[in-house]
Protein chains: 2
Amino acid sequence: MTQTPAGRRSRRATILDVAAAAGVSRQTVTRAMNDMPGIKTETRQRIQELANELGYTPSRFAKGLVQGARTSVGLAIPDLTNPYFPAFASSVVEQATQRGWQVVMDDYGHGGRNGLDAVEHLAPHVDAVIGYLGGYAGQAQAILGRRPLIVLDEEPGSAAGAITFDYRHAAELAIRRLRSAGRRHIAYLDSVRGPEKPAHEKPDAENHADTHVPGMAGSTDLLPHGPGSGDGFVTARGRAFAAVLAESDALDCVAVAVEESASAARTAVRDLLEQQPGIAGIVAFNDLVASGVLKALADAGKRVPEDCLVIGMDGIPLGEQLSPELTTLALDLRDVGRTAVELLDGLLAGSLTAGSAEAHLTLRHRLVVRQSA
Amino acid sequence: MTQTPAGRRSRRATILDVAAAAGVSRQTVTRAMNDMPGIKTETRQRIQELANELGYTPSRFAKGLVQGARTSVGLAIPDLTNPYFPAFASSVVEQATQRGWQVVMDDYGHGGRNGLDAVEHLAPHVDAVIGYLGGYAGQAQAILGRRPLIVLDEEPGSAAGAITFDYRHAAELAIRRLRSAGRRHIAYLDSVRGPEKPAHEKPDAENHADTHVPGMAGSTDLLPHGPGSGDGFVTARGRAFAAVLAESDALDCVAVAVEESASAARTAVRDLLEQQPGIAGIVAFNDLVASGVLKALADAGKRVPEDCLVIGMDGIPLGEQLSPELTTLALDLRDVGRTAVELLDGLLAGSLTAGSAEAHLTLRHRLVVRQSA
DNA sequence: ACCCAGTTCGTGAACGTTCACGTTTTCACA
DNA sequence: TGTGAAAACGTGAACGTTCACGAACTGGGT
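Remember, predicted model here, so these are calculated numbers, not experimental data.

**Some words on the overall build of chain A**
For step 1, the next point in the chain: Counting secondary structure elements, chain A contains 13 helices and 13 strands.
For step 2, the next point in the chain: Per-residue burial for chain A yields a buried fraction of 53% across its 373 residues.
For step 3, the next point in the chain: Residue pairs at least 24 apart in sequence account for 68% of intrachain contacts in chain A once pairs closer than 6 positions are excluded.
For step 4, the next point in the chain: Per element, the accessible surface of chain A, about 16300 Å² overall, is 50% carbon and sulfur.

**Describing the protein's contact with DNA strand C**
For step 1, the next point in the chain: As a matter of local geometry, DNA strand C sits amid 29 residues, with A:Ile15, A:Thr30, A:Tyr56, B:Arg26 and B:Thr28 nearest to it.
For step 2, the next point in the chain: Atoms of DNA strand C within 4 Å of the protein belong to the sugar or the phosphate in 56% of instances, the rest to bases.
For step 3, the next point in the chain: Between DNA strand C and A:Ile15, the relevant distance is 2.5 Å, taken from a phosphate oxygen to a main-chain nitrogen or oxygen of the residue.
For step 4, the next point in the chain: Among the secondary structure elements, those contributing two or more residues to the surface near DNA strand C are α2 (26–33) and α4 (60–67) of chain A together with α2 (26–33) and α4 (60–67) of chain B.
For step 5, the next point in the chain: The element that contributes the greatest number of residues to the surface near DNA strand C is α4(A), accounting for five residues.

**Looking at the protein's contact with DNA strand D**
For step 1, the next point in the chain: Near DNA strand D lie 27 residues; those nearest to it are A:Arg26, A:Thr28, B:Ile15, B:Thr30 and B:Tyr56.
For step 2, the next point in the chain: Atoms of DNA strand D within 4 Å of the protein: sugar and phosphate make up 57%, bases the balance.
For step 3, the next point in the chain: At a separation of 2.3 Å, a base oxygen of DNA strand D approaches a polar side-chain atom of A:Arg26.
For step 4, the next point in the chain: Note that a base nitrogen of DNA strand D is positioned 3.0 Å from one of the side-chain N or O atoms of B:Gln27.
For step 5, the next point in the chain: Put simply, the parts of the chain that give the surface near DNA strand D at least two residues each are α2 and α4 of chain A together with α2 and α4 of chain B.

**With respect to the pairing of strand β9 (residues 281–284) of chain B**
Residue and element names in this part refer to chain B.
For step 1, the next point in the chain: Burial along β9 is two-sided: the face carrying Gly281 and Val283 and the face carrying Ile282 and Ala284 are both buried.
For step 2, the next point in the chain: Across four bridges, strand β6 (residues 185–191) lies against β9 in parallel orientation. Residue pairing for β9: Tyr188 is matched across the bridge by Val283.
For step 3, the next point in the chain: Summarising the sheet, β9 and strand β10 (residues 309–314) pair through three bridges and their orientation is parallel. Counterpart to Gly281 in the pairing with β10 is Leu309.
For step 4, the next point in the chain: Traced from β9 through helix α11 (residues 287–299) to β10, the parallel crossover comes out right-handed.

**Some remarks on the pattern of salt bridges**
For step 1, the next point in the chain: Per the counting criterion, the structure on display carries 32 salt bridges over all chains.
For step 2, the next point in the chain: As a salt-bridge pair, A:Glu325 and B:Arg266 come within 3.7 Å of each other at their nearest N and O atoms. Here A:Glu325, found in the loop between α12 (318–321) and β11 (327–330), pairs with B:Arg266, found in helix α10 (residues 262–275), and the two come from separate chains.
For step 3, the next point in the chain: On the basis of relative accessible area, A:Glu325 is assigned to the buried category, the value being 16%.

**Topic: the side chain of A:Arg237**
All names here are of chain A.
For step 1, the next point in the chain: Position of Arg237 among the secondary structure elements: in helix α9 (residues 236–247).
For step 2, the next point in the chain: Of the residues examined, Arg237 reaches a relative accessible area of 9% and is grouped as buried.
For step 3, the next point in the chain: Residue contacts for Arg237: discarding those within four places in its chain leaves Tyr84, Tyr167, Tyr188, Phe285, Asn286, Met313 and Asp314.

**Let's talk about unusual backbone geometry**
Most peptide bonds adopt trans geometry, and most residues besides glycine take a negative phi value.
For step 1, the next point in the chain: Cis geometry marks the peptide bond from A:Val304 to A:Pro305, where omega comes out at 10 degrees.
For step 2, the next point in the chain: Structurally, A:Pro305 can be placed in the loop between α11 (287–299) and β10 (309–314).
For step 3, the next point in the chain: Despite not being glycine, A:Asp153 shows a phi value in the positive range, around 60 degrees.
For step 4, the next point in the chain: Tracing the backbone shows A:Asp153 in the loop between β4 (149–152) and β5 (161–165).
For step 5, the next point in the chain: The class of A:Asp153 is partly exposed, set by a relative accessible area of 33%.
For step 6, the next point in the chain: Positive phi values are uncommon outside glycine, yet B:Asp314 reaches one of about 115 degrees.
For step 7, the next point in the chain: By the element assignment, B:Asp314 lies in strand β10.

**With respect to the packing of helix α8 (residues 167–180) of chain B against helix α9 (residues 236–247) of chain B**
Residue and element names in this part refer to chain B.
For step 1, the next point in the chain: Where α8 meets α9, the axes come as close as 8 Å, and the angle between the chain directions of the two elements is 55 degrees. By the angle between their axes, α8 is oblique relative to α9. The element α8 and its partner α9 pack so that their crossing is right-handed. Counted together, Tyr167, Arg168, Ala171, Glu172, Ala174 and Ile175 of α8 and Ala236, Arg237, Ala240, Phe241, Ala243, Val244, Leu245 and Glu247 of α9 form the full contact between these two elements.
For step 2, the next point in the chain: Classifying every residue of the contact of α8 with α9 by side-chain character gives 10 nonpolar, no polar and four charged.

**Things to note about the relation of the copies chain B and chain A**
Copy one and copy two of the chain differ by a rotation about a common axis and a shift along it.
For step 1, the next point in the chain: The transformation that overlays chain B on chain A combines an axial shift of 0.1 Å with a rotation of 180 degrees, and the residual RMSD is 0.1 Å. Here the symmetry operator amounts to a two-fold rotation axis.
For step 2, the next point in the chain: A shared interface surface links the copies, since 98% of the contact residues of chain B are contact residues in chain A too.

**Some details on the interface of chain B and chain A**
Often the size quoted for an interface is simply the accessible area lost on bringing the parts together.
For step 1, the next point in the chain: Between chain B and chain A, the contact holds 52 residues from the first and 51 residues from the second.
For step 2, the next point in the chain: Carbon and sulfur atoms make up 54% of the surface buried where chain B meets chain A, a total of about 4300 Å² over both sides.
For step 3, the next point in the chain: Inspection of the region where chain B meets chain A yields six salt bridges.
For step 4, the next point in the chain: Here chain B is connected to chain A by 23 residue pairs in polar contact (both at pLDDT 80 or more).
For step 5, the next point in the chain: Contributing elements (two or more residues each) for the side of chain B that touches chain A: α3 (41–54), α4, α5 (85–98), β2 (102–107), α10, α11 and α12 (318–321) of chain B.
For step 6, the next point in the chain: Here the side of chain B that touches chain A gets seven residues from one element, more than from any other, and that element is α5(B).
For step 7, the next point in the chain: Considered class by class, the residues forming the side of chain B that touches chain A number 20 nonpolar, 16 polar and 16 charged.
For step 8, the next point in the chain: With three bridges connecting them, strand β2 (residues 102–107) of chain A and β2(B) associate as antiparallel partners. What sits directly across from A:Val104, in β2(B), is B:Val104.

**Description of the packing of aromatic side chains**
For step 1, the next point in the chain: For the coordinates displayed, the defined rule picks out 14 aromatic pairs over all chains.
For step 2, the next point in the chain: Stacked on the ring of A:Phe285, the Lys or Arg A:Arg237 has its end atom at 4.7 Å from the ring centre.

**Concerning α5(B)**
Residues and elements named next belong to chain B.
For step 1, the next point in the chain: For α5, which comprises 14 residues, the first-to-last C-alpha distance of 20 Å matches the rise-based estimate of 20 Å (1.5 Å per residue) to within 8%.
For step 2, the next point in the chain: The buried count for α5 comes to 13 of 14 residues, which makes it a mostly enclosed element.
For step 3, the next point in the chain: The positive-phi residue at the C-terminal boundary of α5 is Gly100, with phi of around 80 degrees.

**Structural notes on the pairing of strand β3 (residues 128–131) of chain A**
All names here are of chain A.
For step 1, the next point in the chain: Residue alternation in β3 divides its side chains into two sets, Ala128 and Ile130 and Val129 and Gly131, and both sets are buried.
For step 2, the next point in the chain: Bridging between strand β1 (residues 72–77) and β3 involves four bridges; their strand directions are parallel. Considered in β3, the bridge of Val73 is made with Ala128.
For step 3, the next point in the chain: With respect to chirality, the unit in which β3 leads through helix α7 (residues 137–144) into the neighbouring parallel β4 is right-handed.

**A look at α7(A)**
Residues and elements named next belong to chain A.
For step 1, the next point in the chain: Where α7 is concerned, the buried positions are Ala137, Ala140, Gln141 and Leu144. The arc enclosing the buried residues of α7, seen along the axis, measures out at 100 degrees, which places them on a common side.
For step 2, the next point in the chain: On its buried side, α7 packs onto α6 (115–122), β3 and β4.
For step 3, the next point in the chain: Following α7 by one or two positions, Gly145 has its phi on the positive side, about 65 degrees.

**A closer look at the confidence of the model for chain A**
All names here are of chain A.
For step 1, the next point in the chain: Averaged over all residues, the pLDDT of chain A is 88; the fraction at 70 or higher stands at 87%.
For step 2, the next point in the chain: In this model residues 1–9 is a low-confidence stretch, pLDDT under 50, and it forms five contacts with partners more than four residues away in sequence or in other chains.
For step 3, the next point in the chain: Predicted confidence is poor over residues 214–230, with pLDDT under 50, and the contacts of this stretch with residues over four places away or in other chains come to 25 contacts.

About the criteria used
- Residues numbered from 1 in each chain as written.
- Chains lettered and ligands numbered in written order.
- Predicted model: local features only at pLDDT ≥ 70, side-chain atom pairs only at ≥ 80, totals over all residues.
- Heavy atoms only, no water.
- Helix = DSSP H or I, 4+ residues; strand = E, 2+ residues; numbered from the N terminus.
- Buried < 20%, exposed > 50% of the residue type's maximum accessible area, 1.4 Å probe, protein only.
- Contact = heavy atoms within 4.5 Å.
- Areas by Shrake-Rupley, 256 points an atom, 1.4 Å probe, with all protein chains shown as cover.
- Near = heavy atom within 4 Å.
- Polar contact = N/O pair within 3.5 Å; in protein donor to acceptor, adjacent residues only side chain to side chain.
- Pairing = 2+ DSSP bridges.
- Right-handed = clockwise from strand over helix to strand, strands pointing away.
- Salt bridge = Lys/Arg side-chain N within 4 Å of Asp/Glu carboxyl O.
- Axes fitted to C-alpha atoms, helices over the stretch in contact; angles between N-to-C directions.
- Parallel < 35°, antiparallel > 145°, perpendicular 65-115°, else oblique.
- Left-handed = near helix turned anticlockwise from the far one by under 90°.
- Nonpolar A, V, L, I, M, F, W, Y, C, P; charged D, E, K, R; others polar.
- Least-squares fit on C-alpha atoms with pLDDT ≥ 70 in both.
- Buried area = accessible area lost by both parts, 1.4 Å probe.
- Phe/Tyr/Trp six-rings, centres within 6.5 Å; stacked < 30°, edge-to-face > 60°.
- Lys NZ or Arg CZ within 6 Å of the ring centre and 35° of its normal.
- Expected span 1.5 Å × (residues − 1).
- Arc of directions from axis to C-beta.
- pLDDT = per-residue confidence, 0-100.

Right, dumping it as structure tokens:
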């Protein structure tokens, strides 16, 4: 009937091709393919073999069109290579799979793309998005329309839901630890990465800026003085640390902002120690940076924790493997992923309303004491 | 017209709802939504606003049905939490995105699922699959029918394409290094994870098996004696190491199989060193295991590399942060991901035929010499 | 007033599947 | 040999969009 020569196959086989080959109707093929009742076991097998032979695969589009969508969620992540994200992504995938959802993933860190590009890429294919967008919550929600968006580590704006972190609490834990160990002269090693930094600007690893902050009660003016200023407190984490610092008794803290890598941190701390050898405690933007700090301290012949305490942040698995093992402000990243999916589930089910207070959760770090502090 | 009350929305808005609201036809709405020519800018804007207001999102199913599929590839990965995989996954996503494809991801490591479950879960939604399936290449390809499957670290079987690794070459590199350093008494620390091990069997970290293998030329009988035997060479990596070992001059090698974690490796090596303090070189299944080896050696007061060399495998970023920094048989995981996507691209474009020799690539490790060996 | 070209918009058909029925076949039992 | 119910199978309609084409409207030049 068809003009297609036997050997070649010009277009995908459809259900009608199988039906014709088996001498039955569409519906019978449907019954065979989906293991529905009301069909003889014999014909079912015959059809399945025939389908296999013809290379027939049901069109997911036709199926979705008539059956209504299975939920598919987009997952936007800046960089899987950063050890912070895999545990989170893994947890999201696990939770979504449990619910029978599928996860369309975009790692937008490479090739100069940003969180908004990721959402634009995902939007046509998904019913919702979960992601670390780095400041594009509002615009992303506009692209998605009524479909729920869960942003992480960012104020929700117009997004349907959000998970943020209590960085003030984390800072309090770190500072309390430093003070109870009697360390007065400390440093905060921030990341140069602000929330909306253009992706193509490659930060210079050598070019870091020091800012001396004589901590004194009442002085809360520790936010960046302006764009491009030399202040070392750049990120939300850093600013929270500065704020808590200002409210507490006099601690002498110097802030340095470096590229978010171990090697950049290593050179930065080397330079810092030359200028200020008396530093007795260092809090790092994250564990990756902290690992560079440990290396620099070892280079300088300082003992950790005796001469200088080191506290990291995030609690990635790397920390346990370092020596000394890293004390860190840990986040249960699998818990973060699970919570994000639960939020989304609530929004999709209607038990939660988009933009409501219940759809904005704040999680806390806990201090995991190992060897470095 | 519709019975839907204004406040509630019972079903998704369709293109007809927008058309009715704007007083135009379907086609005009299509033109407006897809930025096609042949429409007044004024009406275009009016329709877009209206669509936004009604929460209209074009059905991806209807669109796909009429336009023909955008390629969507499934990515099956055993465990994103294992630092081996993120770089690979990230690279696959990057390459796929560059081609305008989307990636549906499944991390099947949690909840007792295996590679076959992952493919079953992905199959209805994708046009192809790339993945580490751990021995299910054949059955997975059967599920996918004519859709191409690229398996990694596994013989292709009936799969369309495959990427395997030259573990013999890696073993040669390691052994050459050990011998040129004059180390005769060595150990291989394998993983207990065989290729098709049932997922629910949780290996006991304490229960590892030693096997003493007096290396001698000609003795190639180093494969496992049977299921559950105590032989330490369990994995493809281990067996390749054993084979190369047997072909080379006498090296005294003990093989131990442990759970694939740093802590398990640590205790195993502790025990091993008590029995055989003279071990002067250790090759580990992967870098994670190697990091445990480093800890155990430090515990025992051994200096690395003076007293004992340590060589890891995979070249994950962790290795650089350890002290001493880990010498390792590195794989460029981004390259692996890129190659997998290129293979798939060739298969989809027809420039490569499924199951052909050209569709089976073998990549090699290279020895990255750092401090530990 | 007329025509023509270009612009703007509308209509039938098709994509491939499932759903809700309706029709035929089977078969055990009276 | 009917009979009736259950099993097996078939048919129109619908899902929501785009494609190919055709119709109507616009405006400038004669």
